[in-house]
Amino acid sequence: MYKPKEASNMIVPAKLLKRVVSTVSGAKEISYVDAQQNAIFFCNFKTFGGTENVINGKLVIENTAQVTTWFRPDMKASDRMILLDDMSEWDIISDPENIERRNQYLVFKVRKVTGGA
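Procedures and definitions
- Residues numbered from 1 in each chain as written.
- Predicted model: local features only at pLDDT ≥ 70, side-chain atom pairs only at ≥ 80, totals over all residues.
- Heavy atoms only, no water.
- Core = buried A, V, L, I, M, F, W, Y, C linked by side-chain atoms within 4.5 Å.
- Buried < 20%, exposed > 50% of the residue type's maximum accessible area, 1.4 Å probe, protein only.
- Helix = DSSP H or I, 4+ residues; strand = E, 2+ residues; numbered from the N terminus.
- Contact = heavy atoms within 4.5 Å.
- Salt bridge = Lys/Arg side-chain N within 4 Å of Asp/Glu carboxyl O.
- Phe/Tyr/Trp six-rings, centres within 6.5 Å; stacked < 30°, edge-to-face > 60°.
- Lys NZ or Arg CZ within 6 Å of the ring centre and 35° of its normal.

## With respect to the nonpolar core
- Residues Phe41, Cys43, Met81, Phe108 and Val110 are the most contacted members of the largest nonpolar core, which totals 17 residues.
- Counting only elements with at least two residues in this core, the list comes to β1 (12-24), β3 (40-47), β6 (64-70), β7 (80-83), β8 (89-92) and β10 (105-112).
- Apart from the residues lying within four places of it in its own chain, the contact partners of Phe41 are Val12, Pro13, Ala14, Lys15, Leu16, Thr69, Arg72, Met75 and Met81.
- Counting residues in each nonpolar core, the second largest holds five residues, with Ala7, Met10, Ile99 and Tyr105 among its members.

## Concerning the pattern of salt bridges
- Scanning the entire structure with this criterion turns up six salt bridges.
- When the shortest N-O distance is used, the salt bridge between Arg72 and Asp74 registers 2.9 Å.
- For Arg72, a relative accessible area of 10% translates into the label buried.
- Among the salt bridges present, the one from Arg80 reaches Asp91, with a minimum N-O distance of 2.8 Å. Placement of Arg80 in strand β7 and of Asp91 in strand β8 is noted, with a sequence separation of eleven residues between them.
- Given a relative accessible area of 14%, Arg80 falls into the buried group.
- When salt bridges that share partners are traced, they join Arg80, Glu89 and Asp91 into one network.

## Things to note about the packing of aromatic side chains
- Evaluated as defined, the whole model comprises two aromatic pairs.
- Judged by centre distance (4.9 Å) and plane angle (75 degrees), the ring pair of Phe45 and Trp90 falls under edge-to-face. Highlighted residues: Phe45 in strand β3 and Trp90 in strand β8, separated in sequence by 45 residues.
- With relative accessibility at 5%, the residue Trp90 sits in the buried group.
- Positioned above the aromatic ring of Tyr32 is the side chain of Arg80, whose terminal nitrogen or guanidinium carbon lies 4.1 Å from the ring centre.

The structure is reproduced here in structure tokens:
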């Protein structure tokens, strides 16, 4: 049985936020609410120094990370998570991978939510 090495160190507390899309005055409005069951989970959170992108001719570094956690079927790529140690918000940007389809571990990528001008 395969066990990701990161699974032995899942000590970072986080909270899962589910994406909610509503229509307000004919326009879609996106918000995030706490997951209904077991919103708080523990994970391994590993950053890689960010991802370089060129946007409008300028070099921008996006903070990205890889997360390993216990399996939960309600996690989706459109959801968001909050790291409870520093309250930073992260968008889940890849579909969570169910390792070997055993319903034991999930691995996915996240991108930090930052304010923009």
